[in-house]
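One-letter residues, chain by chain:
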Amino acid sequence: MKRKFFAAFLSLCMVMSLVPMTALAAEESWEEVSTAEGLSSALVTGGNIKLTKNITVMDAQAWTVGNGVKVVLDLNGYSITSTYNQGNYYLFTVNGGSLTLNDSSETRTGKIEIQNASQSYPLHLRGTGSNFIMNGGTITATEDALDISTFAQDTTITINGGTMSSQSYSALAIRGTNTVVNIDGGLIENNGHCGAFVSSSGSLDPNSIVFNMTDGKLTSTGTGILTDYALTVNIGEEAAIETAGTGISVKGTTVLNVDGGSITSGSYAIQANYNNTVNITGGKIQTTSTYAPAIQIGTDSNATISGGTITGKKVLAGDKEDITVTGGTFTDGETKVDVSTYFPEGAILTQDKDGHVVPGTPGEGRSAVAEVNGVPYTSLQSALNMARDGDTVTLLKDETLNATITVDKTVTIDLNQRTVTGNAVRAFHVINGTMTLTGTGTVTSTTMQDPNSSVIRVGNNGTAGTTPAGLVVGENVVIKAPETYGISVFGNATEETLTVNGTVTATGPAPAISG
């Protein structure tokens, strides 16, 4: 008997081992709703909600996902339709809670829509910590399909699929403080003014709103993305923006980064005015216009282009002081468009017959002294001018300086077995950020008239709020001073930092380090 029981038990264990663990888990619980009243009560409780019938309402609803409540709403192929028309009326409001929208139906016909009500909106986020995730379904409106309150804080929007559509001003109206938008799929379409209006409402912090688009498609009969005030827009990977008007128009200290994706427009593909920063490292940027350039940069903005494909009858418009080109491909669709006027001072670059901007060959009077981001420069100063925070500048040959190099960013200099010599002048003055000296090499100066000077100075007597300056001396780096200090560190209201892993020497009466 015991043997039979053991054999049966062993057989059961073997069978159970073949059953997926998910099958053993409790099935997800869904509350099925078919009426407006049922939806109202389900939203208060939270959890998983599935539609089983179409719901149409003609009166105002108090459909709110409140603080701390999490709702997953499966449209299940059905629609929620409102014909109620009232200024600043929102069919759904997320106030501190989380709403996820799905459509599990095979037909993918689930929809939330505002019909014949130009003053009403389908979805509004407010309060603190509100979250909306769209995986499927369609949200349609005359005005904004999704609206975030100006006073909302810490709001997160994630669009993975589905469609957001508006027939008037914008499909997305993005505002608030510490707002993050991630568009990783889906379709955003607008037959009015713009696909997405993004405004930080007067903020000076570019991180107040971060708008990321890595996939999906945004279309508009007007502008694709329109920004106002300080915020950041990142376009990359497989994102696609297609517009009859301007692709992306940034205004008011916006930072725009394009490292992939595509922007195709009937006017400017990118337009920047009023103190914006544009960084283009990749992507396809194209205008079909015969008069508007692909990229237009106003006098108060600046653009750095190091990659990507830019196509148009005109590719760039703006002053040389406001646009810098170190890479990329520029054509009218067939032949190259010359952009050499926008090469930075000291850069050794050329543009081939196909429009590619590539490193040039050093020639007479054009020796490569330093390199950053694959571009050679005729001086260390020129390379540092083009370095961004976090970049590494590599020295390619010894350099003698007739003027002090001022460093105002966080940057690494690889001495690369070379020597930097200040010709009777200080070699470096770090006034902002941290300069790190790495590799093997020497920084020195010839005898200076001022015995109180130094080979490297750290700090600028900054006032309160000024970014502190710092210096890191690598293990195989030598700072050699003649009759002066080797390194002097001085701050006023700031705390400068010095880290020495290498060697600092002074042959005169002054100490090697002063501060």
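That block above? That's the structure.
Please read these numbers as outputs of a predicted model, since none were measured by experiment.

### Structural notes on the pattern of salt bridges
Under the defined criterion, the tally for this structure stands at four salt bridges. A salt bridge links E113 to K111; the nearest nitrogen and oxygen atoms lie 4.0 Å apart. Overall, E113 belongs to the buried group, its relative accessible area being 11%. We note a salt bridge from E242 to K217, for which the minimum N-O separation is 3.5 Å. Here E242, found in strand β22 (residues 240-243), pairs with K217, found in strand β19 (residues 209-220); they are 25 residues apart in sequence, far enough to count as distant. Note on E242: relative accessible area 36%, which makes it partly exposed. Judged by its relative accessible area of 34%, K217 falls in the partly exposed class.

### Some thoughts on the environment of I297
By secondary structure assignment, the location of I297 is in strand β27 (residues 295-297). Residues I297 and P362 lie 65 residues apart in sequence; the distance between their C-alpha atoms is 30 Å. Once you skip the residues sitting within four places of it in the chain, I297 turns out to touch A272, V278, N302, A303, A317, G318, D322 and I323.

### Some remarks on unusual backbone geometry
The phi angle at T253 is positive, at roughly 60 degrees, despite the residue not being glycine. Along the chain, T253 turns up in the loop between β23 (248-251) and β24 (255-265). Judged by relative accessible area, T253 falls into the partly exposed class, the value being 32%. At Q417, a residue that is not glycine, the phi angle is positive and equals roughly 65 degrees. Topologically, Q417 is positioned in the loop between β38 (411-414) and β39 (418-422). Residue Q417 is classed as exposed on the basis of its relative accessible area of 67%.

### Remarks on empty space enclosed by the protein
Evaluated as defined, the whole model comprises one cavity of 30 Å³ or more. Here the largest cavity defines a volume of roughly 50 Å³. As for the largest cavity, its lining consists of L73, F92, L99, L101, I112, P122, L123, F132 and I139. Elements with a minimum of two residues in the lining of the largest cavity: β8 (98-102) and β10 (120-126). Looking at the lining of the largest cavity, its residues break down into nine nonpolar, no polar and no charged.

### Structural notes on the pairing of strand β43 (residues 454-458)
It is a general feature of regular strands that their side chains alternate between the two faces of the sheet. Of all the five residues making up β43, five are buried; the element is thus mostly covered by neighbouring parts of the structure. Bridge analysis of strand β40 (residues 428-430) against β43 gives three bridges, and the strand direction is parallel. Paired with V430 across the bridge in β43 is V458. In this structure, β43 lies alongside strand β46 (residues 485-489), joined through four bridges in parallel fashion. Bridge assignment links V458 to a residue of β46, and that residue is V489.

### What to know about the packing of aromatic side chains
Summed over all chains, the structure comprises four aromatic pairs. Residues Y84 and Y89 carry aromatic rings whose centres are separated by 4.8 Å and whose planes lie at 80 degrees to one another, so their mutual orientation is edge-to-face. Given a relative accessible area of 8%, Y89 falls into the buried group. If you follow K50 out to its NZ or CZ, it ends over the ring of W30, 5.4 Å from the centre.

### Concerning the sheet that holds strand β29 (residues 316-317)
In space, the 11 strands of this open sheet follow the order β4-β7-β10-β13-β16-β18-β20-β23-β25-β27-β29, with parallel pairing throughout. One side of each edge strand has no neighbouring strand; the edge strands of this open sheet are β4 (63-65) and β29. Strand direction decides the pairing type here: β23 and strand β25 (residues 270-273), joined by four bridges, are parallel. Directly across from V250, in β25, lies its bridge partner A272. Against the sheet, helix α3 (residues 36-45) touches β4 and β7 (89-95), its axis set at about 20 degrees to β4.

What counts, and where the lines are drawn
- Residues numbered from 1 in each chain as written.
- Predicted model: local features only at pLDDT ≥ 70, side-chain atom pairs only at ≥ 80, totals over all residues.
- Heavy atoms only, no water.
- Salt bridge = Lys/Arg side-chain N within 4 Å of Asp/Glu carboxyl O.
- Buried < 20%, exposed > 50% of the residue type's maximum accessible area, 1.4 Å probe, protein only.
- Helix = DSSP H or I, 4+ residues; strand = E, 2+ residues; numbered from the N terminus.
- Contact = heavy atoms within 4.5 Å.
- 1 Å grid on protein atoms, 1.4 Å probe; cavity = no way out; pocket = protein on both sides within 12 Å on 5 of 7 lines; lining within 4 Å.
- Points joined across faces, edges and corners; volume = space filled by probe spheres on them.
- Nonpolar A, V, L, I, M, F, W, Y, C, P; charged D, E, K, R; others polar.
- Pairing = 2+ DSSP bridges.
- Phe/Tyr/Trp six-rings, centres within 6.5 Å; stacked < 30°, edge-to-face > 60°.
- Lys NZ or Arg CZ within 6 Å of the ring centre and 35° of its normal.
- Axes fitted to C-alpha atoms, helices over the stretch in contact; angles between N-to-C directions.

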